[in-house]
Each structure stands twice: as structure tokens, then as C-alpha cells.
Amino acid sequence: MQALCFTLLQRPVFASHHVNHREHDEYTQSRRVCISHIRVRKLGWSSVVPPPPLTVDPLRWKLCDPNLSLYNKDFAPTMEDGRILSVHDMASLWVGLVVGVPTYYMAGSLVEMGMSWWQGILVVLVANVLVLIPMVLSGHAGAKFGVPFPVLARASFGIRGANVPSLLRALVACGWFGIQTWIGGQAIFQLLNTLLNGLLEWPAISWLGISAPEFGSFMLFWLLQVGIIWNGIESIRELEKYSAPILIVLSMALLAWAYTTAGGFGPMLSTPSQFVHGGPKAGQFWQAFFPALTANVGFWATLSLNIPDFTRYSKSQADQLMGQAIGLPLFMAAFTFVGLAVTSATVVIFGRPISDPIEVLSLIGGFFPIILSLIGVILATLTTNIAANVVAPANALVNLNPRIFSFRRAGMLTAVLGVLLAPWRLIQSSQGFIFTWLIGYSALLGPVGGIILVDYFSVRGRDLDIDGLYQGDEKGPYWHTRGFNVSALVALVTGILPNVPGFLVAVGAKKQVPRAFTLLYDNAWFVGFCVAGLVYWILSLQHTERLYMRET
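An unreviewed UniProt entry lists the protein chain under the name Nitrate reductase, with Sphagnum troendelagicum as the source organism. We quote the UniProt Subcellular location (unreviewed entry) comment for the protein chain here in full: "Membrane". The annotation that UniProt attaches to the protein chain under Sequence similarities (unreviewed entry) is "Belongs to the purine-cytosine permease (2.A.39) family."

Below you can see the structure in the form of C-alpha cells.
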């Protein structure tokens, strides 16, 4: 017999509907009910058998005696009064994430591959519709149970094993955080330098590798982010909510400037695809399409893992689903068009294509345009960096030791790591670091998504033992084998291995591998997601059958 304790908050029957909330809370606290489930002998819920469905509102239960090494107030399931994100908030979150310098770069890279403007936008739209599927599916558990990504991963990877996917996700986020902070600092430096007629052009400090004004701009942008991190999730919501309309207006203003100054969008929008009959890359479209598709899926693939970190605050499933459906694919395609069109217009205006939006903005000139550009770039980089690259590593650190780390403390450590990485050196040493290594690494995380979604939807039927997610001993339902689910770890390695040879070629660590491996890597996220998900499902079924046969 195993006690599965949680607090069942029952609505008391009062004579009047006007209830003192304090008395109501005291009343409901006094009505704690421990419900015992008869555990299947030896088989139990610790394998893959979901617990019996509970007729309890997940927004109203409270944990019973959680293990303090797995729990603090930041990791507790989000209750009804903490559900603050509406459809508008979720859509605003995605607008803030999408409108940024790396997204702008991505748009130009598709045209450089030989695609026409409409083919580039089509690739982006298809990729983001595809990544939207695991995004809303992963977000389902967050919205239903109110738990962050590392806690959700405890069900599939085990109480201790959950550190593996959460730290893998955190690693790529730390890389992005440093680079985005450098981009934001460079935006401040370049625009202020233009405004001051080059007064900030100082020689680089030898041991630092950059000049004092550049480092000062970097630290100024870093401090802006630290202030937001310190104030927690509510300040992040406010930032995303109020920045979204400003970013939309400023993007349209940039597009209008490019159109009027160039007298049209220039040669890029009128240039045919290089893949058409008679073109320099005739018949090679599909060879370029799938790598481009994987790169665009990989761009947000890591966030599809830890999207429960945000959907745990959504008011309902409809809010997280509709908000993401509105905010991700549509605005990603729209901002891609802005990037393509403005880059095309720079050929006419400046005589050469300029894919760096900060350089374009610095060349516009004028006091008010530069001030507006400064505001826009700072907001765009802030909204992307805080949401995408701070929350995941912060929660991963909390999951390591909730007694030591709160979200605020873990977020501050993430910010410090962003400085110690010296991201300007990373970019200087390899311009392809951003889009080759980080996006390639993101694609390799597809197996994590496959395992977690198969576990949640297929194996456990969307039912989780919330108390068990915070239970760190052998009696816990998600303890598995010494805290690790071997089936999940085997599936993870199996899903990653087929893509490793192609990844090594992409980052320059290996010159050549058989063509089959490069084809697999061209579709790395999809291959890893499907292979790992299938292997995990098979191993879980076999594990259940063995335990069942042992009992009979």
C-alpha cells in the first residue's frame, strides 16, 4: 500500500456567496485528504503504468510533504492565482522572441542559399508550423499541472535523470545568452558611436580583446537584463506584453523607410530562384530545402522543450495553444519578410547587400531615427534573450539543488556565466558559431522532445502523479533505477548517434563522412525526435511486459 498524498481543496458550502477569502483558505487547508492507491505489486506506477485518473482540479491541489531536495516555492506547481498569461500574453511572448537580430540574419541566409524571397518565407513558415506542434504538445503538461520543464522531465527520465535533459537545454541557452547580450551591447555601442560622430572608437584593450566603450556597452545591456531577472516572471510578462506592439510598429517603420528610400524593395524580391530550370543551382532545390528546414526548426527546437516553463502560468490550454499559434508561425514569417525586404533595399540604397540590421540602422543617420533604432534593438534583444535564454538555465540550476538555488539566484548565476563566456571572442573566432554550432546542437536535442512527449501522451496518457514528481526515494513512482530511467537514457543516446557524424562535418571537426550520414543530419531534429521516441516507446512496453510476466 502506498499513500499518494495531496491536498484536495473542496469548495465549502456557505450560506452566502460573499465569503471571506482568509476564512475560506483556512477552511480548505483544514480539509486535507490523503488518498491511497493500491499499488500494483512490484509493477507499480514506477514503470510505465499511469496512476488511476483523479477527479481533482490540478489548479487547486497542493503538495503533501514534498522532498525539500526537489522542491522550493519557485518549483511548486502553479496554482490558479498564479495563472497570469492570457492568449494576448502568450502571443506577445512570441512576438518578443521572434523580433530580433538572429531572426533577421536567418532570413538573409536563405536567399544566400539561392532561394527566392517567397521560397525563403515558405521555408520559415513550414518550419515554424512544424515546430509549433511539439511546442503546444509540450506546453500541455505545463498548462495542466503547472510544473516547469525539469520537473516534467522527472516523469520520463527519473528524479535524478531529469538533470540530463535540463542541463543539455541549459548549455545551449547559456551560449545564446552571452551572444545575445553581446549583440545588444554592440547595438548600443554602434548607434551611440554614430550619434557622437565616432568619439567612441577607442583602441582595444589587449587582454580583453575589445575596447572600453564596447565593454561598457556590453555591461550596460547586461545590467538591464539583470534588473528584469531580479524581479522575476511577472517583470518578464510585463516586458513581453508592452514591448510587442512597439516592436511591431518599429519593424513596419523600418520596412516603410526601406521601401520609400529605395523606390521599391530592390533586386532581391525580383531575382528568380537559382533552383529553376537554367539557373546556377537547377534541380538542387530539395537538397537545400531540408537543411534549411531543419535549421529553422532547430532555431526554436530548444524552446519547444522548456515551453512548460511559460505555459505553467497560462490561464488555460486554449490560452497557451491559441497564443502560440498566433505568435510563432505568423510573426516569424512576417519578420522574415521584413529582413528579406530591407536587405534587398540596401543594395539600391547603399550599393551592397547589408544583412546586419544594426549596421543598417547606424547608416540611416539623424538624431531621432538613431534614438528610435536604439530603443527598438534594445527591446528586441531583451525580449528574446530574457525569455529564451535565462529561464531554461535558471530552472536547470534550481533542479540541481532547490535548497541552494531560487529562480532569482539561478538567473543571476546565468547572467554571470554570460559575461565569463566572453561572447565577443566566440563570435570573432568563428562567425559560423551562432548558426552552425548552436543551431546544430539544438537539432541534436530533438530526441529529448521525442522521449518526453511519448512518455506523457502515449505511455502515461497525460496523467501524472504530482506528489511523485517531488518524491526522492525508492518508494516514489518516478524513482526508476537509482533515480534514472534507463529506457529514456538509452533512447536518448540512440536518437543522437545517427546525427553525430553529420554534425561533426557541419562544425568542421571532420572533413567527410558517408553521404547517408549527411542526409540524416540534414533532417537531424526529425530523425532524432522520431528515433528516440520510437525506441523509448518499445523499451517501455517491453519493461512493462517483463514485469507483468514476472507477476503472473
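Alright, that's what it looks like, and here's the rest.
Peer 1: Please clarify how the overall build of the protein chain should be interpreted in this entry.
Peer 2: The helix and strand inventory of the protein chain stands at 23 helices and three strands. A burial count over the protein chain gives 56% of its 552 residues as buried.

Peer 1: What is the right way to look at the pattern of salt bridges in this model?
Peer 2: Two side chains that carry opposite charge are able to pair once their charged atoms sit near each other. All chains considered together, the criterion is met by four salt bridges. D89 is the salt-bridge partner of R237, the closest N and O atoms lying 3.4 Å from each other. Here D89 lies in helix α2 (residues 87-98) and R237 lies in helix α8 (residues 233-262), a separation of 148 residues in the sequence. The class of R237 is buried, set by a relative accessible area of 16%. D89 gets classed as buried once you look at its relative accessible area, which sits at 7%. One salt bridge connects R352 with E359, and the closest N-O pair in it is separated by 2.8 Å. Salt bridges sharing partners connect three or more residues here, namely D89, R237 and E238.

Peer 1: What's the story with the packing of aromatic side chains in this structure? I'm lost.
Peer 2: Aromatic rings in a pair are described by how distant their centres are and how their planes are angled relative to each other. A complete count under the given rule lists 24 aromatic pairs for this structure. Ring geometry for F145 against Y456: centres 6.5 Å apart, planes inclined by 85 degrees, an arrangement best described as edge-to-face. One end of the pair, F145, is in helix α4 (residues 117-145); the other, Y456, is in helix α19 (residues 446-459), with 311 residues separating them in the sequence. Side by side, F145 and Y456 carry an identical accessibility label, which is buried. With centroids separated by 4.9 Å and ring planes inclined at 85 degrees, the aromatic side chains of Y456 and F457 adopt a geometry described as edge-to-face. Since its relative accessible area comes to 27%, F457 is described here as partly exposed. In textbook terms, an aromatic cluster arises when at least three aromatic residues are bridged by ring pairs, as seen for F275, F285, W286, F289 and F290.

Peer 1: Got a minute to help me understand the environment of W117 in this structure?
Peer 2: Tracing the sequence through the fold places W117 in helix α4. Along the backbone, W117 and A341 are 224 residues apart, and their C-alpha atoms lie at a distance of 8.3 Å.

Peer 1: Just to check I follow, could you spell out the packing of α2 against helix α12 (residues 317-350) for this structure?
Peer 2: A pair of packed helices can be characterised by two numbers: the angle between their axes and the separation between those axes. The geometry of α2 relative to α12 is characterised by a closest axis approach of 7 Å and an angle of 30 degrees between their N-to-C directions. As the angle between them shows, α2 and α12 are arranged roughly parallel. The interaxial crossing formed by α2 with α12 has right-handed handedness. Contacts between α2 and α12 involve V87, M90, A91, W94, V95 and V98 from the first element and A318, D319, Q320, M322, G323, Q324, I326, G327, L328, F331, M332 and F335 from the second. Split into classes, the residues belonging to the contact of α2 with α12 amount to 13 nonpolar, four polar and one charged.

Peer 1: Is there a simple way to think about the side chain of S211 in this case?
Peer 2: Looking at the element boundaries, S211 is found in the loop between α6 (163-195) and α7 (212-231). The residues touching S211, leaving out its near neighbours within four places in the chain, are W202, P203, A204 and I205.

Peer 1: Sorry, what's going on with the nonpolar core here?
Peer 2: Note that soluble globular proteins tend to have their nonpolar side chains buried in a common cluster. Counting 137 residues, the largest nonpolar core has W94, W300 and L464 as its most contacted members. Among the nonpolar cores identified, the runner-up in size contains five residues, and A107, V111, I121 and A333 belong to it.

Peer 1: So what exactly am I meant to see when it comes to unusual backbone geometry here?
Peer 2: At R462, a position not held by glycine, the phi torsion is positive, near 65 degrees. Residue placement: R462 occurs in the loop between α19 and α20 (486-496). According to the relative accessible area criterion, R462 is partly exposed, its value standing at 40%. Of note in this structure, R482 is not a glycine but carries a positive phi near 55 degrees. Mapped onto the fold, R482 is located in the loop between α19 and α20. A relative accessible area of 67% means that R482 is categorised as exposed.

Peer 1: What's the story with helix α10 (residues 285-306) in this structure? I'm lost.
Peer 2: Since the α-helix packs 3.6 residues into each turn, any two residues three or four apart lie on the same face. Over its 22 residues, α10 runs 33 Å from end to end, which matches the ideal 32 Å to within 8%, given 1.5 Å per residue. The largest bend in α10 is about 40 degrees, located at W300. Extensive coverage of α10 is indicated by the burial of 17 of its 22 residues.

Peer 1: Explanation requested: the confidence of the model for the protein chain in the structure shown.
Peer 2: Caution applies to low-pLDDT regions: their predicted coordinates should not be interpreted in detail. In the predicted model, the protein chain carries a mean pLDDT of 82, and the fraction of residues at 70 or more is 85%. Per-residue pLDDT stays below 50 along residues 1-56; that stretch engages in 88 contacts with residues further than four places along the chain or on separate chains.

Peer 1: Is there a simple way to explain the environment of I375 in this structure?
Peer 2: Position of I375 relative to the elements: it lies in helix α14 (residues 367-389). I375 gets classed as partly exposed once you look at its relative accessible area, which sits at 40%. Sequence-wise, I375 and L250 are 125 residues apart; in three dimensions their C-alpha atoms are separated by 9.3 Å.

Peer 1: Is there a simple way to explain the packing of α4 against α10 in this structure?
Peer 2: Two elements in contact, α4 and α10, have axes whose closest approach is 8 Å; the angle formed by their N-to-C orientations is 40 degrees. Seen from above, α4 lies across α10 with right-handed handedness. Here Q119, V123, V124, V126, A127, N128, L130, V131, P134, M135 and S138 of α4 lie close against α10, whose contacting residues are F285, F289, A292, L293, N296, V297, W300, A301, L303 and S304.

Rules used throughout
Counting from 1, residues in each chain are numbered in the order their sequence is written. The predicted origin of the model limits local features to residues at a pLDDT of at least 70 and limits the giving and counting of side-chain atom pairs to 80 or more, whereas totals for whole chains, interfaces and linings rest on all residues. Side-chain numbers come from the whole structure's heavy atoms, not from hydrogens or water. UniProt positions are given in the numbering used here, feature names are shortened, and annotations may be inferred rather than shown by experiment. A run of DSSP states H or I qualifies as a helix once it reaches four residues; a run of E qualifies as a strand once it reaches two. Both are numbered from the N-terminal end. Relative accessible area decides the class of each residue, using a 1.4 Å probe on protein chains only: under 20% of the type maximum gives buried, over 50% gives exposed, and in between gives partly exposed. A side-chain nitrogen of Lys or Arg and a carboxyl oxygen of Asp or Glu constitute a salt bridge if their distance falls within 4 Å. Only centres within 6.5 Å qualify two rings of Phe, Tyr or Trp (six-membered ring in Trp) as a pair; their planes then separate them into stacked at under 30 degrees, edge-to-face at over 60, and tilted for everything else. For every element, the axis is a line fit to its C-alpha atoms; helices are fit only across the contacting stretch, and the angle between N-to-C directions ranges from 0 to 180 degrees. Any angle that is under 35 degrees is reported as roughly parallel, and any over 145 degrees as roughly antiparallel; angles of 65 to 115 degrees are reported as roughly perpendicular and all others as oblique. Each helix crossing is assigned a hand: it is left-handed if the near helix lies turned anticlockwise from the far helix by less than a right angle, otherwise right-handed if that turn is clockwise. Throughout, a contact is declared for two residues whenever any of their heavy atoms are within 4.5 Å. In this count, Pro and Cys sit with the nonpolar residues alongside Ala, Val, Leu, Ile, Met, Phe, Trp and Tyr, while Asp, Glu, Lys and Arg are called charged and the others, Gly among them, polar. For the purposes of this section, nonpolar cores are sets of buried Ala, Val, Leu, Ile, Met, Phe, Trp, Tyr and Cys residues that join through side-chain atoms within 4.5 Å. Here, expected helix span is obtained from the residue count minus one, scaled by 1.5 Å. One axis is fitted to the seven residues ending at the residue and one to the seven starting there. The bend at that residue is the angle between these axes. Every residue gets a pLDDT, meaning the predictor's confidence in that residue, from 0 to 100.

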